[in-house]
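Analysis of the macromolecular model
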Amino acid sequence: AWPQFGEASLDDHFAHQDPQELACRTYDGIGIEVRDILARSDLYERAGKNQHAFCTDIDRAGDTRILCNLKNDLRWNTTILHELGHAVYNQLIDPALPYLLRTPAHSLSTEAIALLMGRLTLKEDWLGLIGRLPDAVLAERLPRLRAQERNRQILFARWVFVMSHFERAMYADPEQDLNALWWNLVERFQRLARPEGRDEPDWAAKYHIANAPAMYHNYLLGELNASQLTHRLIADCGGLVDRPEAGQWLTANVFRRGAEADWNESLRRATGEPLTAQYFVDEFVSP
């Protein structure tokens, strides 16, 4: 059975705080400048604009930009920190590396940094020091927010299994009954019953299948990677929030190295061991 908890939100607290200012304060605290990235970026809603959020590296020579649709709420504070995580990785790669190596070690490697930074909005030290959440509110809401995040991570892992197994099977045999395949996997991994009598291409409604194929497994591997980096940052730097030494550690051990080694070797060089699920389990699954 899933843990039971009352719904908690921090949107009321962030309603009068600018996500750009909080993002700058966050990255200032680890000694990484992001104002130049923000100045080049497209951050607010307008008619006809892509409603998604993403980061793009224009030239592998320092012109990195993000797209957001910022609102004053917790979700968009998380999103801008996430997208800037991608951006600083791109921007701080050693410019002396050959062009083809002037990129993150892998998609999952840059996702790990983005997730590492985005997760801060549910960390006690970030909420207190950067978000300026009053102690009484923090004590009342943080346990429920953490419970929500624990459930989200476990549920998300099951959703990744659906997407990854579906794409692998679809590419192996694209002529099979993809509608049935989709719901077979949803029932297997998410334990949701298919709608009775439905035979429609529900799988085709998922953005990533057409526009970001063979990507979804990188999100889960990135989550594992982010937990492993968190463990190392705590051990070596005492944490991440307001610790310039953490920014120096990330720059030296992750960012500057670009794609000079494959993703698992890059992680081993940074943390001392190849990818393991143990730190993710410790953070989100273990009691």
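Overview of the structure. (Residues numbered from 1 in each chain as written. Predicted model: local features only at pLDDT ≥ 70, side-chain atom pairs only at ≥ 80, totals over all residues. Heavy atoms only, no water.)

Section: the overall build of the protein
- Assigned secondary structure in the protein consists of 13 helices and two strands.
- For the protein, whose C-alpha radius of gyration is 20 Å, the value lies close to the compact-globule estimate of 19 Å for 287 residues.
- Expressed as lengths along the three principal axes of its C-alpha atoms, the size of the protein is roughly 55 × 50 × 45 Å.
- Among the 287 residues that make up the protein, the fraction classed as buried is 47%.
- Within the protein, residue pairs in contact and separated by at least 24 positions form 70% of the contacts whose partners lie at least 6 positions apart. (Helix = DSSP H or I, 4+ residues; strand = E, 2+ residues; numbered from the N terminus. Rg over C-alpha atoms; globule rule 2.2 N^0.38 Å. Buried < 20%, exposed > 50% of the residue type's maximum accessible area, 1.4 Å probe, protein only. Contact = heavy atoms within 4.5 Å.)

Concerning the pattern of salt bridges
- Enumeration according to the criterion identifies 25 salt bridges in this entry.
- Close ionic contact of D63 with R40 constitutes a salt bridge, the shortest N to O distance being 3.2 Å. Separated by 23 residues along the polypeptide, D63 in the loop between strand 1 (54-57) and strand 2 (64-67) and R40 in helix 3 (residues 35-40) bring together distant segments of the chain.
- Here D63 falls in the buried class, since its relative accessible area comes to 16%.
- Look at R40 and you get partly exposed, because its relative accessible area is 29%.
- The salt bridge partner of R198 is D202, with a shortest N-O separation of 2.6 Å.
- Judged by relative accessible area, R198 falls into the partly exposed class, the value being 42%.
- Three or more residues are tied together by salt bridges with common partners; here these are R119, K123, E149, R152, E223 and E283. (Salt bridge = Lys/Arg side-chain N within 4 Å of Asp/Glu carboxyl O.)

Description of the packing of helix 4 (residues 74-91) against helix 5 (residues 107-118)
- Where helix 4 contacts helix 5, the axes come no closer than 7 Å and their chain directions differ by 140°. Taken together, the axes of helix 4 and helix 5 are oblique relative to one another. Viewed along their axes, helix 4 and helix 5 form a crossing whose handedness is right-handed. Residues T78, L81, H82, G85, H86 and Y89 of helix 4 form the contact with helix 5, whose participating residues are S109, T110, E111, I113, A114, L115, M117 and G118.
- A breakdown of the residues in the contact of helix 4 with helix 5 according to their chemical character gives six nonpolar, seven polar and one charged. (Axes fitted to C-alpha atoms, helices over the stretch in contact; angles between N-to-C directions. Parallel < 35°, antiparallel > 145°, perpendicular 65-115°, else oblique. Left-handed = near helix turned anticlockwise from the far one by under 90°. Nonpolar A, V, L, I, M, F, W, Y, C, P; charged D, E, K, R; others polar.)

Regarding the nonpolar core
- Y27, I66, L84, W126, L240, L250 and V254 are the most contacted members of the largest nonpolar core, which totals 55 residues.
- With eight residues, the single largest contributor to this core is helix 4.
- For W126, the residues in contact, after removing those within four places along its chain, are F14, L22, T26, N77, L81, L120, T121, G131 and V241.
- L178, W203, I209 and M215 belong to the second largest nonpolar core, which has 21 residues in total. (Core = buried A, V, L, I, M, F, W, Y, C linked by side-chain atoms within 4.5 Å.)

No statement about biological role is implied by the geometric values presented.
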